[in-house]
Amino acid sequence: MTISTETTTTAPVVAWPAPIKSFDVHVYWLPSSKAQYEEAMALKAKAEKLFPQLSHGMMWDGPSGPHPYNMFEIDIYNAIDFATFVPWMILNHGNLSVLIHPQAGNDVRDHTFHAMWLGQPVPLDMGLLEAFDARMAAEAAAATAAAAATEGVAAVSL
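This structure is a prediction, so every number in the text was calculated from the model and none was measured.

A. Looking closely at the side chain of Glu73. Position of Glu73 among the secondary structure elements: in strand β3 (residues 70-76). Lacking a salt bridge, the buried Glu73 has Lys44 as its closest oppositely charged neighbour, with an N-O distance of 10 Å. Setting aside its immediate chain neighbours within four residues, Glu73 contacts Asp24, Val25, His26, Ser55, His56, Gly57 and Met58.

See below:
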């Protein structure tokens, strides 16, 4: 497979279907495997070279949030980039597990029902995601209540 080394920064931005805002790609390796670590480092370097327009995160040498294994993350903000990067990752992830999921506003659903796996799925800490979603829902409800109370005060003042 030949991949162009030209960036797609001039490609038109194609809107995601609502409510998707972007996609996260998590690449995992076992903490006990030096071979997988080296494979992950090589994959990350190659992805950075071929897809510099993507947001390349740092290497996590341990659990991070709901992710129990070492990993790095790549974020995709343009559907055109998704269409070129994901097929490349399908063919190049090697022995590494890869989670691809949308950012659509519900972390539990985004990491489960709306997720795609390449290689072996990795068990995620769903309790952290559930707590985050509950906190976000409570904050949204509080903001809605505050806005309604402010509108009520403004209506009485008139």
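B. How the structure looks around the sheet that holds strand β2 (residues 55-60). If you trace the five strands from one edge of the open sheet to the other, you get β2-β3-β1-β4-β5, paired in antiparallel fashion. For this open sheet the edge positions go to β2 and β5 (116-118), each flanked by a neighbour on one side alone. In this sheet, neighbouring strand axes are inclined to one another by 15 degrees on average, regardless of whether the strands run parallel or antiparallel. Looking at chain direction, strand β1 (residues 22-29) and strand β4 (residues 97-103) are connected through seven bridges and run antiparallel.

C. Examining the layout of surface pockets more closely. What the largest pocket holds in volume is close to 170 Å³. Contributing to the lining of the largest pocket are 15 residues, with His26, Ser64, His67, Met71 and Glu73 lying nearest its centre. Sorting the residues of the lining of the largest pocket by element identifies β1, β2, β3 and β4 as the ones contributing at least two each. Considering each element in turn, the lining of the largest pocket owes the most residues, three residues, to β2. Split by residue class, the lining of the largest pocket holds five nonpolar, eight polar and two charged.

D. Quick peek at helix α1 (residues 34-50). With 17 residues, α1 extends 24 Å between its outermost C-alpha atoms, agreeing within 8% with the 24 Å of an ideal straight helix rising 1.5 Å per residue. Close packing links the buried residues of α1 with β1, β2, β3 and α2 (79-92).

E. A look at the packing of aromatic side chains. On inspection of all chains with the given rule, the structure shows eight aromatic pairs. Both rings, one in Trp16 and one in Phe23, keep their centres 5.0 Å apart while their planes meet at 55 degrees; by these two values the pair is tilted. A single burial state applies to Trp16 and to Phe23, both of which are buried. The rings of Trp16, Phe23 and Phe82 are connected pair by pair, giving a single aromatic cluster.

F. The environment of Trp16, seen in detail. Here Trp16 lies in the segment before β1. Using a relative accessible area of 15% as the deciding quantity, one classes Trp16 as buried. C-alpha separation for the pair Trp16 and Tyr77, spaced 61 residues apart in sequence, amounts to 8.8 Å. Here the side chain of Trp16 touches Tyr77 through a polar contact of 3.4 Å, landing on its backbone oxygen.

What counts and how
- Residues numbered from 1 in each chain as written.
- Predicted model: local features only at pLDDT ≥ 70, side-chain atom pairs only at ≥ 80, totals over all residues.
- Heavy atoms only, no water.
- Helix = DSSP H or I, 4+ residues; strand = E, 2+ residues; numbered from the N terminus.
- Buried < 20%, exposed > 50% of the residue type's maximum accessible area, 1.4 Å probe, protein only.
- Lys, Arg positive; Asp, Glu negative; His and termini not counted.
- Salt bridge = Lys/Arg side-chain N within 4 Å of Asp/Glu carboxyl O.
- Contact = heavy atoms within 4.5 Å.
- Pairing = 2+ DSSP bridges.
- Axes fitted to C-alpha atoms, helices over the stretch in contact; angles between N-to-C directions.
- 1 Å grid on protein atoms, 1.4 Å probe; cavity = no way out; pocket = protein on both sides within 12 Å on 5 of 7 lines; lining within 4 Å.
- Points joined across faces, edges and corners; volume = space filled by probe spheres on them.
- Nonpolar A, V, L, I, M, F, W, Y, C, P; charged D, E, K, R; others polar.
- Expected span 1.5 Å × (residues − 1).
- Phe/Tyr/Trp six-rings, centres within 6.5 Å; stacked < 30°, edge-to-face > 60°.
- Polar contact = N/O pair within 3.5 Å; in protein donor to acceptor, adjacent residues only side chain to side chain.

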